Amino acid sequence: MTPEERQRREEEQLLAAAEERLELERERQRLDGEVVPAEPAVEGGGGGFGPRTLVEPVLSLLRNTQALKVTFTTRDNSSYARLLDQATFWYQAGFTSDIDSDESRYAASSFDHQETISLATSMKVTRTLSLDFKYAKTDSRREQVGSESKNRREDWPDVTLSLSGIEKWGLLGGGKKEGEGWFRSSSFNVGYKRGLTVNNYTETSTTPRSRPRCSRAGRSPSRADSLRP
């Protein structure tokens, strides 16, 4: 279980415990004959329907959306064959990819440049349902023996749906209390990823390849560990 899933499960357990305590308190007040506070009335009438009724679901999704994580990396690499001069300190230390020598002092050379950008965020639709969104694009360029080749790799959409708390479903023998079901914990993940690859493209010609991929995974403990004695 990843740290995010562990944190999500702890939040779900705390929220479920708080709701259960609230329900028990209301039931106790009913049995003791105390007046249970009513829900505040919505101004404007109309059975509680208003502009906020339409906006609240959108605001709730925004509040449960994680901050967008953006990562940008760049890499430069170069190589020289049969170099007659001594490489400079800055080249050996990796601060520059240019050896700063005359072309007659080496037999061949090659240069590689790569840029990668990735974005990731997640959204919690309900207590047990969440969505993860990812986007990644990599552009690379290689120069060698007077020729240049470019490649591109793009992954979008990359979506994963995660459903947890399946062990609490009545179909699997789950109950309101912790540990009443057949399984200790159970979850279901399904994902869809579409990848676009373009190799050796120029300004006038491309060779794209698109490979959509859908995957799903379910996780539950073994029967020996999950069944109650």
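Since the model is a prediction, treat every value here as computed from it, not as a measurement.

A. Unusual backbone geometry, seen in detail. Looking along the chain, the bond that leaves Trp156 and enters Pro157 is cis, with omega of 0°. Mapped onto the elements, Pro157 comes out in strand S4 (residues 147-164). Here Arg82, not a glycine, exhibits a phi torsion of approximately 55°, which is positive. Counting through the fold element by element, Arg82 comes out in the loop between strand S1 (69-81) and helix H3 (89-92). Despite not being glycine, Asn200 shows a phi value in the positive range, around 55°. Within the fold, Asn200 resides in strand S5 (residues 187-201).

B. Region of the structure containing the confidence of the model for the chain. Per-chain confidence: the chain averages 80 in pLDDT, with 75% of residues scoring 70 or above. Per-residue pLDDT stays below 50 along residues 222-229; that stretch engages in 9 contacts with residues further than four places along the chain or on separate chains.

Parameters and conventions
Residues numbered from 1 in each chain as written. Predicted model: local features only at pLDDT ≥ 70, side-chain atom pairs only at ≥ 80, totals over all residues. Heavy atoms only, no water. Helix = DSSP H or I, 4+ residues; strand = E, 2+ residues; numbered from the N terminus. pLDDT = per-residue confidence, 0-100. Contact = heavy atoms within 4.5 Å.

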